[in-house]
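# Observations on chain architecture
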Amino acid sequence: VLPKHVLVVDDCRVVRKLSTVALAEKGYRISEARSMEEAFDRIDIAHVDIVLTDIFMPGMGGIEGIGIIKSTWPEVAIVAMSAGADHKLDPAQALAAARYMGADALLPKPFTASDLTYLMEAVLVEKAVAA
């Protein structure tokens, strides 16, 4: 069985690094992108098991990206993460919007490596049970 493939989409290098290191340690295959545009350009999302995406990024951003992924590749799981856009928007509202667009799980920032890996496992188990 191939390890699960995770696409990490975040414009913050530190968050991408933290996430990819934590997930790689758990045996996931990782792709990363700095934006939704880059993710759609470079990565075959149809073959990714789960997308971990920030909500607030330059360009398209996570909410719109989640909508496109869910409508095009409904079997791909999505975990949305958010710290709120410079406190202009309540992170809870942002995460609620992501959930509305089809995110399978929500991860408030800041988070720990164990928060992340626990949530990813939970989402993948839920997906497997639903399949």
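Scope of this entry: the structure provided in the associated data block. (Residues numbered from 1 in each chain as written. Predicted model: local features only at pLDDT ≥ 70, side-chain atom pairs only at ≥ 80, totals over all residues. Heavy atoms only, no water.)

### Section: the layout of surface pockets
Quick reminder of the rule: Here a cavity denotes grid points, spaced 1 Å and computed from the protein atoms alone, that fit a 1.4 Å probe unable to get out, and a pocket denotes an open set having protein on both sides within 12 Å along at least 5 of 7 lines; residues with an atom within 4 Å of a point are the lining. Grid points are joined across faces, edges and corners, and a volume is the space filled by probe spheres set on the points. Secondary structure elements are taken from DSSP: a helix is a run of H or I of four residues or more, a strand is a run of E of two residues or more, and numbering for both begins at the N terminus. Asp, Glu, Lys and Arg are counted as charged, while Ala, Val, Leu, Ile, Met, Phe, Trp, Tyr, Cys and Pro are counted as nonpolar; the rest, among them Gly, fall into the polar class.
Roughly 190 Å³ of internal volume is contained in the largest pocket. Along its surface, the largest pocket is lined by twelve residues, and K4, D49, E75, L124 and K127 are the ones closest to its centre. A total of three residues in the lining of the largest pocket trace back to one element, the largest contributor, which is helix α5 (residues 113-130). Taken together, the residues of the lining of the largest pocket sort by class into seven nonpolar, one polar and four charged.

### Notes on the sheet that holds strand β1 (residues 5-9)
Stated precisely, the cut-off is as follows: In this scheme, strands are said to pair when DSSP sees at least two bridges between them. Think of each axis as a best-fit line through the C-alpha atoms, taken over the contacting stretch in the case of a helix, with angles from 0 to 180 degrees between the N-to-C directions. Contacts were defined at the residue level, with two residues in contact if any of their heavy atoms lie within 4.5 Å.
Pairing within the open sheet is parallel, and its five strands lie in the order β2-β1-β3-β4-β5. The open sheet has two edge strands with one neighbour each: β2 (29-33) and β5 (105-108). Strand-to-strand twist of the sheet, defined as the mean angle between neighbouring strand axes without regard to direction, takes the value 20°. Sheet topology places strand β4 (residues 77-82) next to β5; four bridges connect them, and they run parallel. The residue of β5 that forms the bridge with V79 is A105. On top of the sheet, helix α3 (residues 62-72) reaches β3 (50-54) and β4; it is set at about 175° to β4, its chief contact.

### Quick word on the nonpolar core
In plain terms, the rule: In these notes, a set of buried Ala, Val, Leu, Ile, Met, Phe, Trp, Tyr and Cys residues joined through side-chain atoms within 4.5 Å is what counts as a nonpolar core. Buried means the residue's accessible area, taken with a 1.4 Å probe over protein chains only, is under 20% of the maximum for its type, while exposed means over 50%, and partly exposed covers the values in between.
Membership of the largest hydrophobic core comes to 20 residues, with the highest contact counts inside it found for L7, V9, V51 and I69. Of all the secondary structure elements, the ones that give two or more residues to this core are β1, α2 (36-42), α3, β4 and α4 (91-101). Top element by residues in this core is α4. It accounts for three residues. Leave out the neighbours within four places in its chain, and L7 touches S31, E32, A33, A39, I43, I45, V48, I50, V51 and L52. Among the nonpolar cores identified, the runner-up in size contains 19 residues, and Y28, I50, L119 and L124 belong to it.

### Some points on the packing of aromatic side chains
Here is the rule we go by: Geometry of aromatic contacts follows a simple scheme: Phe, Tyr and Trp rings, the Trp one being its six-membered ring, pair when their centres are within 6.5 Å, and the pair is stacked under 30 degrees between planes, edge-to-face over 60, tilted otherwise.
The full count for this structure, using the stated rule, is one aromatic pair. Taken together, a centroid distance of 6.2 Å and an interplanar angle of 25° make the contact between F40 and W73 stacked. In this pair, F40 sits in helix α2 while W73 sits in the loop between α3 and β4, placing the two residues 33 residues apart along the sequence.

### Let's talk about the packing of helix α1 (residues 13-25) against α5
Applied cut-off: Reported orientations rely on four angle classes, namely roughly parallel under 35 degrees, roughly antiparallel over 145, roughly perpendicular from 65 to 115, and oblique for the rest. Handedness of each helix crossing follows the sense of rotation of the near helix against the far helix: counterclockwise by less than a right angle gives left-handed, clockwise gives right-handed.
For the pair α1 and α5, interaxial distance at closest approach is 9 Å and the crossing angle is 60°. In terms of orientation, α1 and α5 fall into the oblique class. Between α1 and α5 lies a crossing of right-handed hand. Contacts from S19, A22 and L23 of α1 reach α5 at A113, L116, T117 and M120.

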